[in-house]
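Structural characterization, general
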Amino acid sequence: MWTSKRRLREERDDLRAQLNRMRERAETAESTVETEQFARNTMARQFAEADAANRRLHGRNVRLTEQLERAHEAAQDGALDEMGRRLDRALRACARYRTEADGQARLIRSQQDLLDRLYGLNDPDVIAGEHWQHRRIDKLGKGLR
């Protein structure tokens, strides 16, 4: 009688251990499936993004190829030489304009300095009082309303 109870307990313990192993395997399998699904979704999204980028690049390559072909045709017609001459003229004009603008800026600065001296704005007392509003007593504590 004791042996049959003991055998039943051992069988029960063996069955529980087997059940626990099966649960662990099931949990591991579920975790693996979830990981694989996540990886599959990530790869699918990345492939879709790469495909979209590939399509955009293909369209851009087509446009650039067409532009290159037109440029070659224009080069054969001598249009590039004319364009080069026009660019040279534009660069020289730009250099002249920049030189003139720099001269105008120097003239404006000198006239501003002269005007400041005439009105006395270069006086040390005026310069020292530049931030007088930040030092006002009524502004620090109470403020103006």
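In this report, the structure presented in the accompanying data block is examined.

About the criteria used
In this convention, every chain numbers its residues from 1, walking through the sequence in written order. The predicted nature of this model means local features are confined to residues of pLDDT at least 70 and side-chain atom pairs, given and counted, to a pLDDT of 80 or more, with totals for whole chains, interfaces and linings taken over all residues. Side-chain metrics in this entry use all non-hydrogen atoms of the structure; hydrogen atoms and water are not considered. Numbering of helices and strands runs from the N terminus, with a helix taken as a DSSP run of H or I at least four residues long and a strand as a DSSP run of E at least two residues long. Note that the radius of gyration is over C-alpha atoms, with the globule rule given as 2.2 Å times the number of residues to the power 0.38. For the exposure calls, accessible area comes from a 1.4 Å probe over protein chains only, and a residue counts as buried if that area is under 20% of its type's maximum, exposed if over 50%, partly exposed in between. For the area figures, the Shrake-Rupley method with a 1.4 Å probe applies, and any residue is considered shielded solely by the protein chains shown. Charge counting follows a simple rule: Lys and Arg are positive, Asp and Glu are negative, and His as well as the terminal groups are ignored. Charge placement uses NZ in Lys and CZ in Arg. For Asp and Glu, CG and CD serve respectively. Residues with no salt bridge and a relative accessible area higher than 30% make up the patches, which join like charges within 9 Å and nonpolar side chains (Val, Leu, Ile, Met, Phe, Trp, Tyr) within 5 Å. Here, a salt bridge means any Lys or Arg side-chain nitrogen found within 4 Å of an Asp or Glu carboxyl oxygen. Note on contacts: a residue pair is in contact if any heavy atoms of the two residues lie within 4.5 Å.

When helices and strands are tallied, the protein shows four helices and zero strands. In terms of C-alpha radius of gyration, the protein reaches 42 Å, well past the compact-globule figure of 15 Å for 145 residues. For the protein, the spread of C-alpha atoms along the principal axes amounts to about 125 × 80 × 25 Å. Burial analysis of the protein (145 residues in total) assigns 3% to the buried set. Carbon and sulfur atoms make up 55% of the accessible area of the protein, which amounts to about 13,900 Å² in all. Averaging the locations of the 30 positively and 26 negatively charged side chains of the protein gives two centres separated by 6 Å.

On to a nonpolar patch on the surface, then. There is a patch of nonpolar side chains on the surface, built from Leu114, Leu115, Leu118, Tyr119, Leu121 and Val126 and spanning about 620 Å² of accessible area. Broken down by element, the residue count for the nonpolar patch peaks at four residues, all from helix H2 (residues 79-119). Here Leu118 shows up in helix H2. A relative accessible area of 66% means that Leu118 is categorised as exposed.

Moving on, we come to a positive patch on the surface. A surface patch of positive charge is lined by Arg86, Arg89, Arg92 and Arg96. Relative to the helices and strands, Arg92 is located in helix H2.

Tracing the sequence through the fold places Thr3 in helix H1 (residues 2-77). Look at Thr3 and you get exposed, because its relative accessible area is 57%. When the C-alpha atoms of Thr3 and Val33 are compared, they prove to be 44 Å apart, with 30 residues separating the residues in sequence.

Inspection of every chain in the model, using the stated rule, returns four salt bridges. Between Asp13 and Arg12 there is a salt bridge, and its shortest N-O distance comes to 3.7 Å. Using a relative accessible area of 40% as the deciding quantity, one classes Asp13 as partly exposed. When its relative accessible area of 40% is taken as the criterion, Arg12 is described as partly exposed. A salt bridge links Arg85 to Glu82; the shortest N-O distance between them is 3.0 Å. Of this pair, Arg85 and Glu82 both sit in helix H2, three residues apart, which is roughly one turn of the helix.

We now examine the side chain of Asp116. Checked against the element boundaries, Asp116 lands in helix H2. The charged side chain of Asp116 is buried without a salt bridge, its nearest counter-charge being Arg117 at 8.1 Å. Filtering out sequence-adjacent residues up to four positions away, Asp116 remains in contact with Leu121 and Asn122.

Nothing here speaks to function; it is all geometry.
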